[in-house]
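Coordinates in review
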Amino acid sequence: MTSTNEHGQGRGYPSQAVVDLAAIRHNLGVLRAAAPGALQLATVKANAYGHGLLPVALAALEGGVDWLGVAQLAEAFTLREGLDEAGVARADAPLLAWISPPSSDFAAAIDVSVSWTWVLADICAAARAVGRPARVHVKIDTGMSRAGSTLADLPALASALRMAADEGLVDVVGAWSHMSRADDPSEAGNASTATHVRIFEEGLAILADAGITPRIRHLAATSGILW
């Protein structure tokens, strides 16, 4: 892109961002090697942090990631459409979205996060409408306070999930949360991370008491892998 100065002469913008997709694939391999027993979800929210949603997602899948994650449900629709057009089988690219505003269109082949009973009610309504169960991941608030059900609220949500599962409306695929200070290897940072883990395990116990046993349990952050 060019512009003209006051004398009508062209003035270029030489700065540019070069995204090395091979480097992204390599870096994902390094992270996977640091946690070889875990599945890997590549977060590509916010247009893959400005690097290009579809190109980065495709590179991540080529690099062997198991899941793709975005924040907004609208992003998930855009990504799913792009992956479909690229010929990627949906079974090979599970996709999780964790922010769903009221009246969202939950009737899509996308896993969604659930933190509260009112969100679950909307998800169940969509499942009834399309005649198939919704795939959900229960978010437990372990201290980051970025959505998620607190331990005080989780029993009610767990009970509602059990009833929804019994009706065939939901498939509880996962339970998850996010670490807030995993990039801080200090004593205080490690203590914070240990607290996240403890609360998460308490949340899993609450779910188990209600008969909910998620197949995937994911509590992480990139820095959590590195440290």
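The next thing to look at is the pattern of salt bridges. The full count for this structure, using the stated rule, is eight salt bridges. In this structure, D111 and R135 form a salt bridge, with 2.6 Å as the shortest nitrogen-oxygen distance. Highlighted residues: D111 in strand β6 (residues 111-114) and R135 in strand β7 (residues 134-139), separated in sequence by 24 residues. Judged by its relative accessible area of 32%, R135 is partly exposed.

What follows concerns empty space enclosed by the protein. Applying the stated criterion across every chain yields a total of one cavity of 30 Å³ or more. Every residue along the wall of the largest cavity is listed here: K139, I140, D141, T142, G143, M144, S145, R146, A147, S177 and H178. Looking at the lining of the largest cavity, its residues break down into three nonpolar, five polar and three charged.

Let us now look at the environment of E202. Along the polypeptide, E202 turns up in helix α7 (residues 187-209). Along the chain, E202 and G148 lie 54 residues apart, while their C-alpha atoms are 14 Å from each other. Among the polar contacts listed, one links the side chain of E202 to the side chain of R198, at a separation of 2.9 Å.

The residue A48 is not glycine, and still its phi comes out positive at about 55°. Relative to the assigned elements, A48 resides in helix α2 (residues 45-50). Although it is not a glycine, A147 sits at a positive phi angle of roughly 65°.

For S113, the position within the fold is in strand β6. Owing to a relative accessible area of 5%, S113 belongs among the buried residues under this scheme. A polar contact of 3.0 Å, which involves the side chain of S113, links it to the side chain of W176. Every residue in contact with S113, bar those within four places of it in the chain, is listed here: L96, A97, W98, V119, I123, H137, K139 and W176.

One number sums up the size of the largest pocket: a volume of about 1,300 Å³. Lining the largest pocket we find 42 residues, and of these L41, A42, T43, A221 and T222 sit closest to its centre. Classifying every residue of the lining of the largest pocket gives 24 nonpolar, 13 polar and five charged. One number sums up the size of the second largest pocket: a volume of about 260 Å³.

Attention shifts here to the pairing of β7. For β7, a buried count of five out of six residues is recorded, marking the element as mostly surrounded by other parts of the structure. Alignment of β6 against β7, held across three bridges, turns out to be parallel. Bridge pairing in β7 links V114 to V138. Read as a crossover between parallel neighbours, the route from β6 over helix α5 (residues 117-130) to β7 is right-handed. Where β7 meets strand β8 (residues 170-178), six bridges bridge the pair, whose relative direction is parallel. What sits directly across from K139, in β8, is W176. Handedness of the crossover joining β7 and β8 through helix α6 (residues 154-166) is recorded here as right-handed.

Within the secondary structure, E167 is located in the loop between α6 and β8. Along the backbone, E167 and C124 are 43 residues apart, and their C-alpha atoms lie at a distance of 9.6 Å.

All right, on to the sheet that holds β7 then. Pairing is parallel across the open sheet formed by seven strands, whose spatial order is β3-β4-β5-β6-β7-β8-β9. Since the sheet does not close on itself, it has two edges, and those belong to β3 (41-43) and β9 (216-220), each with one partner. Taken over all neighbouring pairs, the strand axes of this sheet differ in orientation by 30° on average, direction set aside. As defined by bridge partners, β8 adjoins β9 across five bridges and the pair is classed as parallel.

Reading the values: the criteria
Per chain, residue numbering runs from 1 following the sequence as it is written. Local features in a predicted model are, by the rule used here, given only for residues with pLDDT of at least 70; side-chain atom pairs are given and counted only at 80 or more, and totals for whole chains, interfaces and linings are based on all residues. Think of the side-chain values as coming from all heavy atoms in the structure, minus any hydrogens and water. For this analysis, a salt bridge means a side-chain nitrogen from Lys or Arg found within 4 Å of a carboxyl oxygen belonging to Asp or Glu. In this description a helix means any DSSP run of H or I spanning at least four residues, a strand means any run of E spanning at least two, and both kinds are numbered starting from the N terminus. Accessible area is worked out with a 1.4 Å probe on protein chains only. A residue is then buried under 20% of its type maximum, exposed over 50%, and partly exposed in between. Note on definitions: the grid is 1 Å and covers protein atoms alone; a cavity is a set of points where a 1.4 Å probe fits but cannot get out; a pocket is an open set with protein on both sides within 12 Å along at least five of seven lines; lining residues have an atom within 4 Å of a point. Grid points are joined across faces, edges and corners, and a volume is the space filled by probe spheres set on the points. Side-chain classes follow a simple rule in which Ala, Val, Leu, Ile, Met, Phe, Trp, Tyr, Cys and Pro form the nonpolar group, Asp, Glu, Lys and Arg form the charged group, and the remainder, Gly included, forms the polar group. Polar contacts here mean pairs of N or O atoms no more than 3.5 Å apart (in protein, one a potential hydrogen donor and the other a potential acceptor; neighbouring residues in sequence count only if both atoms are side-chain atoms). In what follows, residue pairs with any heavy atoms lying within 4.5 Å of each other are defined as contacts. Think of it this way: DSSP has to see at least two bridges between two strands before they count as a pair. Look down the strands so they point away from you; if the path from the first strand over the helix to the second goes clockwise, the crossover is right-handed. Axis angles are defined between N-to-C directions and span 0 to 180 degrees, where every axis is a line fitted to C-alpha atoms and, for a helix, only to the segment in contact.

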